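Residues per chain are reported as follows:
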Amino acid sequence: MRGKIQIIAKGKACVTAVLAFCRRFSPLNFAFLLLAGTINAIGVTFFIAPVQLYDSGVSGTSILLSQVTPLSLSFFLLILNVPLLLYGLKKQGVVFTVYAIYAVSVYAVVAGLITDVLPIDVSIVSPLAGTDLFLCAIFGGIISGIGSGVAIRYGGAMDGIEVIAVIFAKRIGISVGVFVMIYNIALYVICGIVIGSWILPLYSIVTYAAASKTVDFVVDGLDTAKSAMIITTKPEEIGKAISSEFRIGITVIDAAGYYSRQRKTILYAVVNRFQIVKLKRLVKSIDPNAYMTVTLISDLMHGSVEK
(Lines give C-alpha, C1' and ligand atoms only; values in the text may rest on other atoms or scores of the structure.)
Protein backbone atom coordinates (compact mmCIF):
# COMPACT_ATOMS: atom_id res chain seq x y z
CA MET A 1 0.00 0.00 0.00
CA ARG A 2 2.77 2.37 0.97
CA GLY A 3 4.57 1.59 -2.28
CA LYS A 4 1.45 2.43 -4.32
CA ILE A 5 1.08 5.75 -2.50
CA GLN A 6 4.70 6.63 -3.28
CA ILE A 7 4.22 5.76 -6.96
CA ILE A 8 1.07 7.90 -7.12
CA ALA A 9 2.87 10.78 -5.40
CA LYS A 10 5.79 10.55 -7.82
CA GLY A 11 3.36 10.43 -10.74
CA LYS A 12 1.58 13.55 -9.55
CA ALA A 13 4.93 15.30 -9.06
CA CYS A 14 5.97 14.39 -12.62
CA VAL A 15 2.69 15.66 -14.05
CA THR A 16 3.01 18.88 -12.06
CA ALA A 17 6.59 19.35 -13.32
CA VAL A 18 5.54 18.73 -16.93
CA LEU A 19 2.64 21.19 -16.66
CA ALA A 20 4.94 23.82 -15.10
CA PHE A 21 7.43 23.28 -17.94
CA CYS A 22 4.73 23.62 -20.60
CA ARG A 23 3.44 26.85 -19.05
CA ARG A 24 6.80 28.45 -19.86
CA PHE A 25 5.87 28.34 -23.55
CA SER A 26 3.37 30.54 -25.33
CA PRO A 27 1.02 29.24 -28.07
CA LEU A 28 1.19 32.72 -29.62
CA ASN A 29 4.96 32.44 -29.92
CA PHE A 30 4.67 29.04 -31.59
CA ALA A 31 2.14 30.49 -34.05
CA PHE A 32 4.42 33.37 -35.01
CA LEU A 33 7.46 31.07 -35.20
CA LEU A 34 5.47 28.89 -37.61
CA LEU A 35 4.85 32.00 -39.71
CA ALA A 36 8.52 33.02 -39.41
CA GLY A 37 9.82 29.66 -40.62
CA THR A 38 7.39 29.67 -43.55
CA ILE A 39 8.35 33.20 -44.61
CA ASN A 40 12.06 32.40 -44.38
CA ALA A 41 11.61 29.27 -46.49
CA ILE A 42 9.72 31.23 -49.16
CA GLY A 43 12.43 33.88 -49.35
CA VAL A 44 15.20 31.31 -49.71
CA THR A 45 13.50 28.81 -52.05
CA PHE A 46 11.75 31.34 -54.30
CA PHE A 47 14.47 33.96 -54.70
CA ILE A 48 17.85 32.87 -53.35
CA ALA A 49 18.46 29.16 -53.98
CA PRO A 50 16.96 28.96 -57.53
CA VAL A 51 19.53 31.44 -58.87
CA GLN A 52 22.35 29.89 -56.81
CA LEU A 53 22.73 32.83 -54.48
CA TYR A 54 23.75 32.14 -50.90
CA ASP A 55 22.01 33.10 -47.70
CA SER A 56 24.08 33.95 -44.62
CA GLY A 57 25.14 31.69 -41.75
CA VAL A 58 24.11 28.05 -41.61
CA SER A 59 21.39 28.66 -44.19
CA GLY A 60 23.99 29.76 -46.75
CA THR A 61 26.23 26.84 -45.81
CA SER A 62 23.29 24.48 -46.32
CA ILE A 63 22.59 25.92 -49.77
CA LEU A 64 26.23 25.37 -50.80
CA LEU A 65 26.29 21.80 -49.47
CA SER A 66 23.01 20.98 -51.20
CA GLN A 67 24.59 22.12 -54.48
CA VAL A 68 27.72 19.98 -54.20
CA THR A 69 26.11 16.85 -52.68
CA PRO A 70 23.02 14.79 -53.55
CA LEU A 71 21.44 15.65 -50.18
CA SER A 72 18.67 18.24 -49.85
CA LEU A 73 18.67 21.75 -48.41
CA SER A 74 16.23 20.67 -45.69
CA PHE A 75 18.55 17.90 -44.53
CA PHE A 76 21.48 20.26 -44.03
CA LEU A 77 19.32 22.91 -42.35
CA LEU A 78 18.40 20.42 -39.65
CA ILE A 79 21.67 18.49 -39.34
CA LEU A 80 23.74 21.68 -38.99
CA ASN A 81 21.41 23.94 -37.01
CA VAL A 82 20.02 21.59 -34.36
CA PRO A 83 23.42 20.57 -32.86
CA LEU A 84 24.50 24.23 -32.71
CA LEU A 85 21.28 25.22 -30.98
CA LEU A 86 21.58 22.34 -28.50
CA TYR A 87 25.19 23.33 -27.83
CA GLY A 88 23.95 26.75 -26.78
CA LEU A 89 21.29 25.29 -24.46
CA LYS A 90 23.15 26.14 -21.25
CA LYS A 91 23.88 29.70 -22.37
CA GLN A 92 20.51 30.55 -23.92
CA GLY A 93 18.11 28.47 -21.83
CA VAL A 94 15.55 25.77 -22.55
CA VAL A 95 12.75 28.03 -23.77
CA PHE A 96 14.90 29.78 -26.39
CA THR A 97 16.38 26.47 -27.56
CA VAL A 98 12.96 24.86 -28.01
CA TYR A 99 11.62 27.89 -29.85
CA ALA A 100 14.71 28.08 -32.09
CA ILE A 101 14.68 24.37 -32.98
CA TYR A 102 10.95 24.62 -33.72
CA ALA A 103 11.49 27.64 -36.03
CA VAL A 104 14.38 25.95 -37.85
CA SER A 105 12.34 22.76 -38.22
CA VAL A 106 9.45 24.68 -39.77
CA TYR A 107 11.91 26.41 -42.11
CA ALA A 108 13.42 23.06 -43.15
CA VAL A 109 10.07 21.29 -43.60
CA VAL A 110 8.50 24.09 -45.65
CA ALA A 111 11.65 24.40 -47.77
CA GLY A 112 11.51 20.65 -48.38
CA LEU A 113 7.84 20.82 -49.35
CA ILE A 114 8.55 23.59 -51.83
CA THR A 115 11.65 22.11 -53.45
CA ASP A 116 11.20 18.34 -53.14
CA VAL A 117 7.62 17.29 -52.39
CA LEU A 118 5.33 19.56 -54.37
CA PRO A 119 7.58 20.92 -56.10
CA ILE A 120 6.57 24.51 -56.82
CA ASP A 121 7.74 26.13 -60.04
CA VAL A 122 9.51 29.17 -58.63
CA SER A 123 9.36 30.94 -61.98
CA ILE A 124 5.61 31.42 -61.42
CA VAL A 125 6.04 33.39 -58.20
CA SER A 126 9.51 34.70 -58.98
CA PRO A 127 9.48 35.55 -62.71
CA LEU A 128 12.73 37.46 -62.33
CA ALA A 129 14.58 34.34 -61.15
CA GLY A 130 17.39 33.71 -63.59
CA THR A 131 17.05 37.08 -65.28
CA ASP A 132 17.78 39.69 -62.61
CA LEU A 133 20.19 38.59 -59.91
CA PHE A 134 20.14 41.95 -58.16
CA LEU A 135 16.38 41.96 -57.61
CA CYS A 136 16.48 38.33 -56.49
CA ALA A 137 19.23 39.23 -54.01
CA ILE A 138 17.27 42.21 -52.67
CA PHE A 139 13.86 40.55 -52.36
CA GLY A 140 15.30 37.25 -51.18
CA GLY A 141 17.18 39.09 -48.44
CA ILE A 142 14.18 41.16 -47.42
CA ILE A 143 11.76 38.23 -47.25
CA SER A 144 14.15 35.91 -45.40
CA GLY A 145 15.05 38.85 -43.14
CA ILE A 146 11.39 39.27 -42.22
CA GLY A 147 11.24 35.61 -41.27
CA SER A 148 14.42 35.80 -39.18
CA GLY A 149 13.26 39.04 -37.53
CA VAL A 150 9.88 37.60 -36.55
CA ALA A 151 11.64 34.53 -35.13
CA ILE A 152 13.90 36.68 -32.95
CA ARG A 153 11.02 38.90 -31.88
CA TYR A 154 9.07 35.90 -30.62
CA GLY A 155 11.84 34.25 -28.67
CA GLY A 156 13.55 32.01 -31.23
CA ALA A 157 16.18 32.13 -33.94
CA MET A 158 16.53 30.97 -37.52
CA ASP A 159 20.27 30.29 -37.59
CA GLY A 160 22.52 28.45 -35.15
CA ILE A 161 25.61 30.46 -36.06
CA GLU A 162 24.31 33.44 -34.08
CA VAL A 163 24.06 31.25 -30.97
CA ILE A 164 27.67 30.14 -31.44
CA ALA A 165 28.65 33.78 -31.95
CA VAL A 166 27.13 34.72 -28.58
CA ILE A 167 29.15 31.95 -26.90
CA PHE A 168 32.53 32.44 -28.55
CA ALA A 169 32.71 36.09 -29.68
CA LYS A 170 33.72 37.51 -26.29
CA ARG A 171 36.22 34.72 -25.71
CA ILE A 172 38.21 35.79 -28.76
CA GLY A 173 37.74 39.50 -28.12
CA ILE A 174 35.26 40.50 -30.85
CA SER A 175 31.58 41.42 -30.99
CA VAL A 176 28.80 39.06 -32.02
CA GLY A 177 28.21 41.09 -35.20
CA VAL A 178 31.88 40.88 -36.20
CA PHE A 179 31.92 37.12 -35.52
CA VAL A 180 28.91 36.57 -37.81
CA MET A 181 30.39 38.86 -40.47
CA ILE A 182 33.71 36.96 -40.46
CA TYR A 183 31.82 33.67 -40.79
CA ASN A 184 29.80 34.97 -43.75
CA ILE A 185 32.83 36.44 -45.51
CA ALA A 186 34.62 33.09 -45.16
CA LEU A 187 31.50 31.34 -46.45
CA TYR A 188 31.26 33.55 -49.54
CA VAL A 189 34.98 33.11 -50.28
CA ILE A 190 34.56 29.33 -50.09
CA CYS A 191 31.48 29.56 -52.34
CA GLY A 192 33.48 31.53 -54.90
CA ILE A 193 36.27 28.97 -54.88
CA VAL A 194 33.90 26.00 -55.13
CA ILE A 195 31.80 27.32 -58.02
CA GLY A 196 34.76 29.02 -59.74
CA SER A 197 33.06 32.41 -59.96
CA TRP A 198 32.79 35.50 -57.76
CA ILE A 199 29.63 36.95 -59.31
CA LEU A 200 27.13 34.94 -57.24
CA PRO A 201 29.02 35.28 -53.92
CA LEU A 202 29.24 39.05 -54.43
CA TYR A 203 25.52 39.26 -55.13
CA SER A 204 25.03 37.17 -52.00
CA ILE A 205 26.60 39.99 -49.99
CA VAL A 206 23.69 42.15 -51.19
CA THR A 207 21.30 39.47 -49.91
CA TYR A 208 23.09 39.42 -46.56
CA ALA A 209 22.96 43.23 -46.24
CA ALA A 210 19.26 43.39 -47.16
CA ALA A 211 18.40 40.61 -44.71
CA SER A 212 20.44 42.18 -41.91
CA LYS A 213 18.74 45.56 -42.23
CA THR A 214 15.32 43.92 -42.46
CA VAL A 215 15.95 41.93 -39.28
CA ASP A 216 16.89 45.16 -37.47
CA PHE A 217 13.71 46.82 -38.73
CA VAL A 218 11.45 43.93 -37.70
CA VAL A 219 13.06 43.48 -34.27
CA ASP A 220 13.53 47.15 -33.35
CA GLY A 221 10.62 48.70 -35.23
CA LEU A 222 10.39 52.04 -36.98
CA ASP A 223 9.77 54.15 -33.91
CA THR A 224 13.11 53.64 -32.18
CA ALA A 225 13.49 55.89 -29.17
CA LYS A 226 16.49 57.90 -28.00
CA SER A 227 17.60 58.57 -24.48
CA ALA A 228 19.06 61.94 -23.49
CA MET A 229 21.29 62.42 -20.48
CA ILE A 230 21.68 66.10 -19.61
CA ILE A 231 24.24 67.29 -17.04
CA THR A 232 23.31 70.82 -15.97
CA THR A 233 23.37 73.36 -13.18
CA LYS A 234 19.85 74.48 -14.11
CA PRO A 235 17.81 71.31 -13.63
CA GLU A 236 14.59 73.01 -12.54
CA GLU A 237 14.38 75.27 -15.61
CA ILE A 238 15.33 72.54 -18.09
CA GLY A 239 13.15 69.90 -16.43
CA LYS A 240 10.11 72.18 -16.42
CA ALA A 241 10.65 73.13 -20.08
CA ILE A 242 11.06 69.49 -21.21
CA SER A 243 8.04 68.33 -19.26
CA SER A 244 5.91 71.15 -20.64
CA GLU A 245 7.09 70.76 -24.23
CA PHE A 246 7.08 66.96 -24.62
CA ARG A 247 4.77 65.76 -21.83
CA ILE A 248 7.22 63.06 -20.78
CA GLY A 249 8.65 61.81 -17.50
CA ILE A 250 12.13 62.84 -16.37
CA THR A 251 14.47 61.10 -13.95
CA VAL A 252 16.63 63.37 -11.76
CA ILE A 253 20.04 62.17 -10.55
CA ASP A 254 22.33 64.10 -8.19
CA ALA A 255 25.96 64.35 -9.36
CA ALA A 256 29.18 66.27 -8.89
CA GLY A 257 32.12 67.21 -11.13
CA TYR A 258 35.21 65.10 -10.48
CA TYR A 259 37.72 67.95 -10.60
CA SER A 260 35.61 70.97 -9.67
CA ARG A 261 33.47 69.09 -7.10
CA GLN A 262 30.68 71.42 -8.19
CA ARG A 263 27.22 70.03 -7.53
CA LYS A 264 25.31 69.26 -10.71
CA THR A 265 22.20 67.38 -11.72
CA ILE A 266 21.67 64.76 -14.39
CA LEU A 267 18.31 64.73 -16.16
CA TYR A 268 17.43 61.51 -17.95
CA ALA A 269 14.63 61.55 -20.53
CA VAL A 270 13.47 59.37 -23.42
CA VAL A 271 12.09 60.94 -26.60
CA ASN A 272 11.37 59.73 -30.12
CA ARG A 273 13.63 60.48 -33.06
CA PHE A 274 11.49 63.40 -34.23
CA GLN A 275 11.82 65.21 -30.91
CA ILE A 276 15.57 65.02 -30.42
CA VAL A 277 16.46 68.12 -32.47
CA LYS A 278 13.92 70.24 -30.59
CA LEU A 279 15.23 68.84 -27.28
CA LYS A 280 18.80 69.87 -28.11
CA ARG A 281 17.72 73.39 -28.98
CA LEU A 282 15.61 73.66 -25.84
CA VAL A 283 18.46 72.59 -23.55
CA LYS A 284 20.94 74.85 -25.30
CA SER A 285 18.65 77.88 -25.00
CA ILE A 286 18.34 77.46 -21.22
CA ASP A 287 21.85 76.30 -20.32
CA PRO A 288 24.52 76.82 -23.02
CA ASN A 289 27.05 75.02 -20.79
CA ALA A 290 24.95 71.89 -20.35
CA TYR A 291 26.59 68.58 -21.26
CA MET A 292 24.26 66.29 -23.17
CA THR A 293 24.60 62.80 -24.59
CA VAL A 294 22.07 61.09 -26.86
CA THR A 295 21.88 57.30 -27.14
CA LEU A 296 19.80 55.12 -29.44
CA ILE A 297 17.39 52.78 -27.66
CA SER A 298 16.55 49.65 -29.61
CA ASP A 299 14.00 48.36 -27.12
CA LEU A 300 11.76 50.18 -24.67
CA MET A 301 9.47 48.72 -22.00
CA HIS A 302 6.97 51.12 -20.46
CA GLY A 303 6.50 50.60 -16.74
CA SER A 304 4.57 52.41 -14.07
CA VAL A 305 7.41 54.50 -12.67
CA GLU A 306 6.12 57.68 -11.03
CA LYS A 307 6.85 60.75 -13.15
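See the structure printed just above.
Quick look at the structure, then. All of these numbers come straight from a predicted model, not from anything done at the bench.

Parameters and conventions
Residues numbered from 1 in each chain as written. Predicted model: local features only at pLDDT ≥ 70, side-chain atom pairs only at ≥ 80, totals over all residues. Heavy atoms only, no water. Helix = DSSP H or I, 4+ residues; strand = E, 2+ residues; numbered from the N terminus. Expected span 1.5 Å × (residues − 1). Buried < 20%, exposed > 50% of the residue type's maximum accessible area, 1.4 Å probe, protein only. Contact = heavy atoms within 4.5 Å. Phe/Tyr/Trp six-rings, centres within 6.5 Å; stacked < 30°, edge-to-face > 60°. Lys NZ or Arg CZ within 6 Å of the ring centre and 35° of its normal. Axes fitted to C-alpha atoms, helices over the stretch in contact; angles between N-to-C directions. Parallel < 35°, antiparallel > 145°, perpendicular 65-115°, else oblique. Left-handed = near helix turned anticlockwise from the far one by under 90°. Nonpolar A, V, L, I, M, F, W, Y, C, P; charged D, E, K, R; others polar. Pairing = 2+ DSSP bridges.

### What about helix α10 (residues 176-195)?
At step 1: Helix length check: α10 (20 residues) gives 29 Å between terminal C-alpha atoms against 28 Å at 1.5 Å per residue, within 8%.
At step 2: Among the residues of α10, F179, V180, N184, L187, Y188, C191 and G192 are the ones counted as buried.
At step 3: Of the surrounding secondary structure, the elements contacted by the buried residues of α10 are α3 (57-68), α9 (160-168) and α11 (199-220).
At step 4: Where α10 ends, the next residue or the one after it, G196, has phi of about 70 degrees, a positive value.

### Notes on the packing of aromatic side chains
At step 1: Across all of its chains, the model carries 9 aromatic pairs by this definition.
At step 2: Ring centres 4.1 Å apart and planes at 5 degrees place the aromatic pair F32 and Y154 in the stacked group. Remark: Y154 occurs in the loop between α8 (133-153) and α9 and F32 occurs in helix α2 (residues 27-48); sequence separation between them is 122 residues.
At step 3: The class of F32 is partly exposed, set by a relative accessible area of 26%.
At step 4: Judged by centre distance (5.3 Å) and plane angle (75 degrees), the ring pair of F75 and F76 falls under edge-to-face.
At step 5: For F75, a relative accessible area of 38% translates into the label partly exposed.
At step 6: We classify F76 as buried; its relative accessible area is 8%.
At step 7: Through successive ring pairs, a cluster of aromatic residues spans F25, F30, Y99 and Y102.
At step 8: The residue whose ring lies beneath R261 is Y258, and the NZ or CZ to ring-centre distance is 5.3 Å.

### Let's talk about the packing of helix α12 (residues 235-246) against helix α13 (residues 276-286)
At step 1: Axis separation between α12 and α13 bottoms out at 10 Å; the angle between their running directions is 150 degrees. Classified by the angle between their axes, α12 and α13 sit roughly antiparallel to one another. Classified by chirality, the crossing of α13 by α12 is right-handed. Contact residues: E237, I238, A241, I242, E245 and F246 in α12; K278, L279, L282, V283 and I286 in α13.
At step 2: Of the residues assigned to the contact of α12 with α13, the class counts are 8 nonpolar, no polar and 3 charged.

### Notes on the pairing of strand β2 (residues 251-256)
At step 1: Relative to strand β3 (residues 263-272), β2 runs antiparallel, the two being bridged by 6 bridges. Paired with T251 across the bridge in β3 is Y268.
At step 2: Once β2 ends, the chain turns through 6 residues before running back antiparallel as β3, passing R261 with a positive phi of about 60 degrees.

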